[in-house]
Amino acid sequence: IKKLTRGVLMYYKAYKFRLYPDSNQRMIINKMLGCSRYIYNHYLSKMKDFGYVGAYTNIMNYTSNLKYKDTFLQEADSIIIRQALFNLDNAFQKMFKEHSGYPRYKNKHSKCSYNTCAIYSKYKDKEYCNIEVDLNERMIKLPKLKWLKIRGYRNINKIVGKIKSATVERESNGKYYVSLLYKQEDIKYKVIPKNVVGIDLGIKKLLTLSDGTSYDNNKYLLKYEKRIKRKQRELSRKVKRSNNYYKCKKELARLYTKLTNSRKYYIHKITKNITDEYDIITCEKLHTKNMIMEGTKNHLSKSITDASFNEIMRQLLYKSNYKGKYFYQVDEYYPSSQICSVCNHQDKTYKDLNKREYKCNNCGMTLDRDLNASINIMFFGVVKVYKKLLGIG
């Protein structure tokens, strides 16, 4: 989110739709995906042999040389080619700055995508764009594809804002999607805080709120694990790169998609409820990589991965910012489970996760371990906000 003058906020928001192309449009999309992948892999191979070259140098090489050598590339949208080279350059920049590893070749049978930009033009005082969306008719117009059927956002009749770009992707299960990036402007103010909540994350209960509300951990991985293992064994018996091999691989990808979508839907539902209801939201900060490494000793790594703590925190952060709420995170070393929420007495014996009930040796208070921790986290958030509002620090 970027602040503009006169209290107006400018922000970018993405909307994702399911695409339903006909046979001709499907062929064109696959052709675009193939061209984008070919360009990416071609110049990655070149840089592996001769060293790193910037995106603009590669674009000049394409327009003067490769475009005429491989004539099938001329069928693709020129913006898609350019964006593929920028994506390759971004992968190298990420490697240089974040040490993310050397860029890999793109695979035909895994998730594929291409980017295109929105181009605006004016004629007789009317503005036109190469990308248009009609949510009443559930149609979208994309470069080279014309109008396609879409599905998604049933409760919205119109999206206010300016389209900046579109990303068309084909998932490994064979379904097509488009993500539209909108530039939107709105007057956003921080809400006057009226209520507060502390959130304790866990495996037994996914979230425990300081008001006593808790959300169950549905453990979606256990639900789909047997089916996934069975399909993986079936895939291992197929002849590699045969038609049956790729057919089985697509069925396995569908199972993984169902697992991902069911988990994602549940997390979105939880985070929406919390950010709608509470003004000050405080959550513990977790480093899940370290937790997974430690979890291998006590067989908790799979449960930690399935719980998706990072995704919950990410959604709480951006939804709080968007709605003008206050979101804070407690340091990972803050002993929320060891401190009594009534008398503030600390008992280090509660480092042991097997103790599920907190009994204070000082005041005699008895409370559920996770609820006690969430109340301590809530107090931390209250102090943070009111210090900020009073300008204390």
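Higher on the page you've got the structure.
Draft legend 1. Expanded view of the sheet that holds strand 15 (residues 326-330). Taken in spatial order, the five strands line up as 13-12-11-14-15 in an open sheet, and their pairing is mixed. The two strands at the open ends of the sheet, each matched to only one other strand, are strand 13 (214-216) and strand 15. Pairwise comparison of adjacent strand axes, ignoring direction, gives a mean angle of 20 degrees for this sheet. Sheet analysis places strand 11 (residues 196-201) next to strand 12 (residues 205-209), joined by three bridges and oriented antiparallel. Note on strand 12: the bridge partner recorded for Leu201 is Leu207. Across the sheet, helix 8 (residues 309-323) is in contact with strand 11, strand 12, strand 14 (280-284) and strand 15; its angle to strand 15 comes to roughly 150 degrees.

Draft legend 2. The arrangement of the pattern of salt bridges in detail. Inspection of every chain in the model, using the stated rule, returns 13 salt bridges. Here Glu169 ties to Lys111 by a salt bridge, and the two come within 3.7 Å at their closest N and O atoms. Pair noted here: Glu169 is in strand 9 (residues 162-170) and Lys111 is in the loop between helix 3 (78-98) and strand 3 (112-117), with a separation of 58 residues, a long-range link. The buried category is assigned to Glu169, whose relative accessible area is 8%.

Draft legend 3. Focus on the pairing of strand 4 (residues 120-123). Inspection of the sheet shows strand 4 paired to strand 5 (residues 126-129) by four bridges, in the antiparallel sense. Directly across from Lys122, in strand 5, lies its bridge partner Glu127. Hairpin connection of strand 4 to strand 5: two residues between the antiparallel strands, including Lys124 at a positive phi of 55 degrees.

Reading guide: rules and limits
- Residues numbered from 1 in each chain as written.
- Predicted model: local features only at pLDDT ≥ 70, side-chain atom pairs only at ≥ 80, totals over all residues.
- Heavy atoms only, no water.
- Pairing = 2+ DSSP bridges.
- Helix = DSSP H or I, 4+ residues; strand = E, 2+ residues; numbered from the N terminus.
- Axes fitted to C-alpha atoms, helices over the stretch in contact; angles between N-to-C directions.
- Contact = heavy atoms within 4.5 Å.
- Salt bridge = Lys/Arg side-chain N within 4 Å of Asp/Glu carboxyl O.
- Buried < 20%, exposed > 50% of the residue type's maximum accessible area, 1.4 Å probe, protein only.

The values reported here are purely geometric and, on their own, carry no functional implication.
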